[in-house]
Amino acid sequence: MNRAEAVELLRTMVDIPSPSGEEARLAGYLADVMGRHGMTSQVDEAGNAIGEIDRGDGPHVLLLGHMDTVPGDLPVRVEDGRLYGRGTVDAKGPLATMICAATLATGFRGRIVVAGAVEEETPGSRGATAIRATRPEPDLVIVGEPSGWDCVVLGYKGRLDLDYRVERPPTHPSNPEPKASELVVAGWTALAAELGADASHASFDRPGATLTSIGGDIAAAEARFTVRTPPGFDDADLVRRLRARLPEGELTLVHSVPACRADRNNPAVRALTGAIRAEGARPRLKLKTGTSDMNTLSETWTAPMATYGPGDSRLDHAQDEHILLDDYFRGVSVLTRALNSLAEPGR
């Protein structure tokens, strides 16, 4: 797969809209592309696009990216060496990088599985959950998310999604009795108080909350609270304490996944950082305050993991989402080197 083919792959992926739950067309396209480039490919029962290359005895490596995006189409165009469009960064760029690298890593000995997962952008990560449940645990996992071509992500905060719903008898706005809408807002205030004044999305070691959505009226109102949680955070204790503070209504735990953090010396991290050095850069290591499919897989799998992919994560979900094509090509080179290095003695 040369540079022109790599650009065509990514541009076509971005041209195909794939908001969460609507990935079928993209999955079919990727299965076809991977089949034409020497992989055994399929769309599995969950809707994930799967491609496999068996190059003899050696490690079983899973390259897992996601196909879905947040809603909202953006004009797709190439301008000044940048490809613009929804998903260029999050996370079709990293997934295209994985497909390219899997075909180019001819020095790798073992089995490579490339998976384009569905519904990563939704609570529950249905695609990664299905892969975890139905496929054998690999020897090594690289998750495709935008880290920057010269950076490896070691960990992510966890996620706790809560729905709070209140219903009250209809009444006049001037009635002094509390209204459903007011109680839901008070629930958000109670959550902030339980997390404490030092809660922050800026710190990996502290929880951070978001009022994801809110709606309703005097008689019925509901909100979604999302809490990004640090390692070791007790989700059940927070839910218990918050319920005790709420005077009425129903607080529902929608989904939770714990934080994850990889050993910086594990084989996945070493392969990627070594490849970045070989490309002439000093590798950077990050902990991120969002959540990815690395959290989902590491709930039950113990295989060495790391997250890697070209793209600036500050552009995730942005209206000017774009990827530098030179960074995309560097990402392909890094991941190809990393895979080939796994055949070297001592890896």
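Residues numbered from 1 in each chain as written. Predicted model: local features only at pLDDT ≥ 70, side-chain atom pairs only at ≥ 80, totals over all residues. Heavy atoms only, no water.

Draft legend 1. Structural view of the packing of aromatic side chains. Applying the stated criterion to the full structure yields three aromatic pairs. For the pair Trp 188 and Phe 225, a centre-to-centre distance of 5.8 Å together with 45° between the ring planes defines the contact as tilted. Here Phe 225 lies in strand β11 (residues 220-229) and Trp 188 lies in helix α5 (residues 180-195), a separation of 37 residues in the sequence. Here the aromatic cluster, defined as three or more aromatic residues joined through ring pairs, consists of Tyr 164, Trp 188 and Phe 225. The residue whose ring lies beneath Arg 77 is Tyr 84, and the NZ or CZ to ring-centre distance is 4.0 Å. (Phe/Tyr/Trp six-rings, centres within 6.5 Å; stacked < 30°, edge-to-face > 60°. Helix = DSSP H or I, 4+ residues; strand = E, 2+ residues; numbered from the N terminus. Lys NZ or Arg CZ within 6 Å of the ring centre and 35° of its normal.)

Draft legend 2. Focus on the packing of helix α3 (residues 92-104) against helix α9 (residues 325-341). Across the interface, α3 lies against α9 with an axial gap of 8 Å and an inter-helix angle of 45°. In terms of orientation, α3 and α9 fall into the oblique class. Seen from above, α3 lies across α9 with right-handed handedness. Across the interface between the two elements, Gly 93, Ala 96, Thr 97, Met 98, Cys 100, Ala 101, Ala 102 and Leu 104 of α3 pack against Tyr 328, Gly 331, Val 332, Leu 335, Thr 336 and Leu 339 of α9. (Axes fitted to C-alpha atoms, helices over the stretch in contact; angles between N-to-C directions. Parallel < 35°, antiparallel > 145°, perpendicular 65-115°, else oblique. Left-handed = near helix turned anticlockwise from the far one by under 90°. Contact = heavy atoms within 4.5 Å.)

Draft legend 3. Seen up close, the environment of Leu 154. Looking at the secondary structure, you find Leu 154 in strand β8 (residues 151-156). Under the relative-accessibility criterion, Leu 154 is labelled buried at 7%. As a C-alpha pair, Leu 154 and Leu 342 span 188 residues in sequence and 19 Å in three-dimensional space. Setting aside anything within four residues of it in sequence, one finds Leu 154 in contact with Cys 260, Arg 261, Ala 262, Arg 264, Val 269, Leu 285, Lys 286, Leu 287 and Met 294. (Buried < 20%, exposed > 50% of the residue type's maximum accessible area, 1.4 Å probe, protein only.)

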